Amino acid sequence: MVAPEIVSGFQIVFSSPSHKSLAKLSTSISQLNQAKWRKLLKIVSVAIVNDDVSDEQLKVIENDNEQNSFLGLLDICQQTLSFSPQLYKPDNLIKDLNQLHLPNDLIEDLVQLLFVSRREELSQAVLKQGPSVTKLEEVKFRIDIILSNNRMKKVLQPRVTLSLARSDGSLKQMELDNESLQMLRFKTAMCLKELQLLKCTPAMTNP
């Protein structure tokens with residue numbers, strides 16, 4: 001299954017000492033009180049939603065220690081939001097944060113932020129900021145019949161012209177003979193079958 005590989009990879013990133021902002025987070029957070037890290041979490045939320053933080057908001061970060069804490073918390077939030085909550089669940093996050101030796105109160109605040117109070121808003125923001133993929137907006141087709149050519153007086157060979165309108169405004173056209181059209185149908189059916197099997201996996205049916 002795909003899900004265990006994703007979760008395992010995420011745990012490795014969290015616990016890796018080479019991840020500078022996370023490696024320093026435990027030490028940085030230990031020097032802050034709850035009121036301070038909650039202020040930093042508010043700025044993290046603003047940074048994710050707006051993809052920017054104002055100079056006025058940045059005044060809350062007063063020294064290098066608080067900057068390290070902010071970067072570490074931002075890193076945790078962005079990584080968590082990059083995965084589906086069906087695949088990476090609160091228990092997974094709690095386990096990873098415990099490996100970072102973070103205070104229990106902070107772990108509870110992060111779980112509340114990332115899985116309860118603002119999950120949908122933050123996930124939508126991350127999705128918008130991520131790399132976009134061109135989508136298929138419209139499909140049109142036309143069937144032409146070749147009556148004859150230079151070699152034969154009578155051919156009667158059907159051809160299908162597909163026009164694919166994409167979300168970036170571009171238009172892709174292709175011509176298919178019967179064999180190519182059948183191959184397209186077969187590949188599409190295979191893709192739909194794979195999607196159906198994926199929807200039936202425990203990770204997708206038990207959010």
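Worth saying up front: this structure is predicted, and the values here are computed from it rather than measured. (Residues numbered from 1 in each chain as written. Predicted model: local features only at pLDDT ≥ 70, side-chain atom pairs only at ≥ 80, totals over all residues. Heavy atoms only, no water.)

I'd like a rundown of the packing of helix α7 (residues 90–99) against helix α8 (residues 104–117), residues and numbers included.
In the contact formed by α7 and α8, the axes pass within 10 Å of each other and the chain directions differ by 145°. For the pair α7 and α8, the crossing hand works out as right-handed. Along its contact with α7, which presents Pro 90, Leu 93, Ile 94, Leu 97 and Asn 98, the element α8 presents Asn 104, Ile 107, Leu 110, Val 111, Leu 114 and Phe 115. Across the contact of α7 with α8, the residue classes tally to nine nonpolar, two polar and no charged. (Axes fitted to C-alpha atoms, helices over the stretch in contact; angles between N-to-C directions. Helix = DSSP H or I, 4+ residues; strand = E, 2+ residues; numbered from the N terminus. Left-handed = near helix turned anticlockwise from the far one by under 90°. Contact = heavy atoms within 4.5 Å. Nonpolar A, V, L, I, M, F, W, Y, C, P; charged D, E, K, R; others polar.)

Please set out α8 residue by residue, giving values where relevant.
Over its 14 residues, α8 runs 18 Å from end to end, which matches the ideal 20 Å to within 8%, given 1.5 Å per residue. Within the sequence span of α8, burial applies to Leu 106, Ile 107, Asp 109, Leu 110, Val 111, Leu 113, Leu 114 and Phe 115. (Expected span 1.5 Å × (residues − 1). Buried < 20%, exposed > 50% of the residue type's maximum accessible area, 1.4 Å probe, protein only.)

Describe the sheet that holds strand β3 (residues 171–176), naming the residues involved and giving the relevant values.
One open sheet holds the three strands; their spatial order is β1-β2-β3, and the pairing between them is antiparallel. Sheet topology places β1 (136–146) and β3 at the edges, where each strand pairs with a single neighbour. Between one strand and the next, the sheet's axes are offset by a mean angle of 15°, whatever the strand orientation. Across the face of the sheet, helix α10 (residues 178–199) comes into contact with β2 (157–166) and β3 while running at roughly 120° to β3. (Pairing = 2+ DSSP bridges.)

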